[in-house]
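Inside the fold
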Amino acid sequence: MKAIGITATDTEFGKTVVSSCLAAGFRTLGLDMGVFKPAASGCVRTAEGKLVSEDAELLIKGAGMTMAQHDEVVPYVLEAALAPAEASKAAGVTLDTSVMEAAAHKMIGAHELTIVEGVGGISAPLTDDYLVKDFFKALNLPVIIVVKPLLGNVNHAVLSAYYAQHEGLNVLGFIVNGWDETRAGLLERSNLYYYEKLTGLPVLGKLPVLDKELLSGSDLTQAGKIAAANIDLERIYKLVEAQGNE
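To keep things clear, this report deals only with the structure shown in the data block. (Residues numbered from 1 in each chain as written. Predicted model: local features only at pLDDT ≥ 70, side-chain atom pairs only at ≥ 80, totals over all residues. Heavy atoms only, no water.)

1. Here we look at the pairing of strand E12 (residues 203-208)
The pairing of strand E11 (residues 171-179) with E12 spans five bridges and is classified as parallel. By the bridge assignment, Trp179 is partnered in E12 with Pro208. The parallel pair E11 and E12, bridged by helix H8 (residues 186-199), forms a crossover whose chirality is right-handed. (Pairing = 2+ DSSP bridges. Helix = DSSP H or I, 4+ residues; strand = E, 2+ residues; numbered from the N terminus. Right-handed = clockwise from strand over helix to strand, strands pointing away.)

2. Points about the side chain of Lys61
Summarising the element assignment, Lys61 is placed in helix H2 (residues 54-63). An unpaired buried charge is present at Lys61: no salt bridge exists, and Glu57, the closest side chain of opposite charge, is 5.4 Å distant. Non-local contacts of Lys61, meaning those with residues more than four positions away in its chain, are made with Arg27, Leu215, Ser216, Gly217, Ser218, Asp219 and Leu220. (Buried < 20%, exposed > 50% of the residue type's maximum accessible area, 1.4 Å probe, protein only. Lys, Arg positive; Asp, Glu negative; His and termini not counted. Salt bridge = Lys/Arg side-chain N within 4 Å of Asp/Glu carboxyl O. Contact = heavy atoms within 4.5 Å.)

3. With respect to the layout of surface pockets
Put simply, the largest pocket is a space of about 800 Å³. Around the largest pocket, the lining comprises 29 residues; the ones closest to its centre are Thr11, Glu12, Thr16, Ser41 and Asp55. The set of elements that each furnish at least two residues to the lining of the largest pocket consists of helix H1 (15-28), strand E3 (39-40), H2 and helix H9 (212-216). Its residues assigned to classes, the lining of the largest pocket shows 14 nonpolar, eight polar and seven charged. Put simply, the second largest pocket is a space of about 280 Å³. Every residue lining the second largest pocket is counted, 18 residues in all, and those nearest its centre are Lys148, Asn177, Gly178, Trp179 and Val209. Looking at the lining of the second largest pocket, the element that brings in the most residues is E11, giving three residues. For the lining of the second largest pocket, a count of residues per class yields ten nonpolar, three polar and five charged. (1 Å grid on protein atoms, 1.4 Å probe; cavity = no way out; pocket = protein on both sides within 12 Å on 5 of 7 lines; lining within 4 Å. Points joined across faces, edges and corners; volume = space filled by probe spheres on them. Nonpolar A, V, L, I, M, F, W, Y, C, P; charged D, E, K, R; others polar.)

Laid out in structure tokens, this is it:
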């Protein structure tokens, strides 16, 4: 069973959207998909008082799973919109890294391919002494970095890739989120050029800006088709196979 870690150059760069669309896209290729996130902050309470992760909800739709599997997808849910290390302190909750890793292994073992979304960037703290990169390393996950074609993001992309590689992670490449082909100018296209030139890593796809209705519906079938048309899923799968992280 295989898995891919998804990180980004910053928070709010669309890791969850990309992860969900990847899961839905791979489903169009006939793969049985799993999804996982070690912890989620900024969660909301239901009328019954249960904390629910909206990120996990989108991931679940992408994988074709059900909300009954919410707690399998994300073992720790936290209310404060802070890095898990701080949000857990505010909630009086101790995050156990062995719980996160065991739950991830269980999800990965149950599916052909699992998309594992991190939190924040590659060095975001899950606990004071355990960062996202440590979680990915513990699971031996190859990593894809989500970027946006914005001024300054080349610097962040290069640093994120270098740091991940320096820490022993296999970075497969980049996925550009929020690409608009009709409006892409010199800035956007030069970003793609420098992502590849300065890191030696490929741009594996450009996910276009998606209509909110596509993401708010009961499933992500159409979003998966868009992902399959704009992201080189077969290449990604072959790269994961080459690492052999089963």
